[in-house]
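# Tertiary structure, described
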Amino acid sequence: MPPSAVSDGSRAIPRPRTGADLITLTGLARFRVAEELDVRTPYRQVRADWTEFADDFHEPDVEPPGTRAGLIAALNIYSDAKDMSVDWDAVGKQRTLKA
């Protein structure tokens, strides 16, 4: 089963033609459904297993994004997540432009 997410906010947009609502969640952490609870609410309730995604509760240890080091750190995280290769020697040789 794919991971689910818990949210700190949501927004519902009614869809009159279908009678359904389009719900947008702002995610905080992922989890696996350990158990579906037997409830009578119009929405699912589950017992969550957070073990696999424990790192979602910690901020990444990177420089602020407004710095060169922060930009390079963010690029490193992004390229790892997207399985992209980066020529880090070329990145390191680039000069910083002043605004």
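Quick caveat: nothing in here was measured; it's all calculated off a predicted structure. (Residues numbered from 1 in each chain as written. Predicted model: local features only at pLDDT ≥ 70, side-chain atom pairs only at ≥ 80, totals over all residues. Heavy atoms only, no water.)

### So, the overall build of the protein
- On a plain count of helices and strands, the protein comes out with 2 helices and 3 strands.
- Seen in sequence order, the protein has helices and strands lined up from the N terminus as β-β-β-α-α.
- When burial is assessed residue by residue, the protein has 6% of its 99 residues classed as buried.
- Restricting the contact set of the protein to residue pairs at least 6 apart, pairs at least 24 apart contribute 24%. (Helix = DSSP H or I, 4+ residues; strand = E, 2+ residues; numbered from the N terminus. Buried < 20%, exposed > 50% of the residue type's maximum accessible area, 1.4 Å probe, protein only. Contact = heavy atoms within 4.5 Å.)

### A look at the confidence of the model for the protein
- Overall, the prediction assigns the protein a mean pLDDT of 76, with 66% of residues at 70 or greater.
- The lowest-confidence element of the protein is strand β1 (residues 4-15), averaging 57 in pLDDT; the highest-confidence one is strand β3 (residues 46-49), averaging 89. (pLDDT = per-residue confidence, 0-100.)

### Some words on helix α1 (residues 68-81)
- The terminal C-alpha atoms of α1, which comprises 14 residues, lie 20 Å apart, in line with the 20 Å expected from a rise of 1.5 Å per residue.
- Restricting attention to buried positions, one finds in α1 the residues G70, A73 and S79.
- Phi for D83, located one or two positions after α1, is positive at around 55 degrees. (Expected span 1.5 Å × (residues − 1).)

### Remarks on unusual backbone geometry
- Even without being glycine, D83 reaches a positive phi, approximately 55 degrees.
- Following the sequence through the fold, D83 ends up in the loop between α1 and α2 (88-93).
- Using a relative accessible area of 73% as the deciding quantity, one classes D83 as exposed.

### Observations regarding the pattern of salt bridges
- In the structure shown here, the tally under the stated rule is 3 salt bridges.
- R47 is paired through a salt bridge with E35; the nearest N and O atoms lie 3.3 Å apart. Of the two residues, R47 sits in strand β3 while E35 sits in strand β2 (residues 20-36), which places them 12 residues apart along the sequence.
- R47 sits in the partly exposed class, given a relative accessible area of 45%.
- Since its relative accessible area comes to 38%, E35 is described here as partly exposed.
- Of the charged contacts in the structure, one is a salt bridge between R44 and E36, with a shortest N-O distance of 2.8 Å. (Salt bridge = Lys/Arg side-chain N within 4 Å of Asp/Glu carboxyl O.)

### Side note on the environment of D56
- Residue position: D56 is located in the loop between β3 and α1.
- When the C-alpha positions of D56 and F31 are compared, they lie 9.5 Å apart, and in sequence the two are 25 residues distant.
- Ignoring sequence-local partners within four residues, the contact set of D56 consists of L28, A29 and R30.

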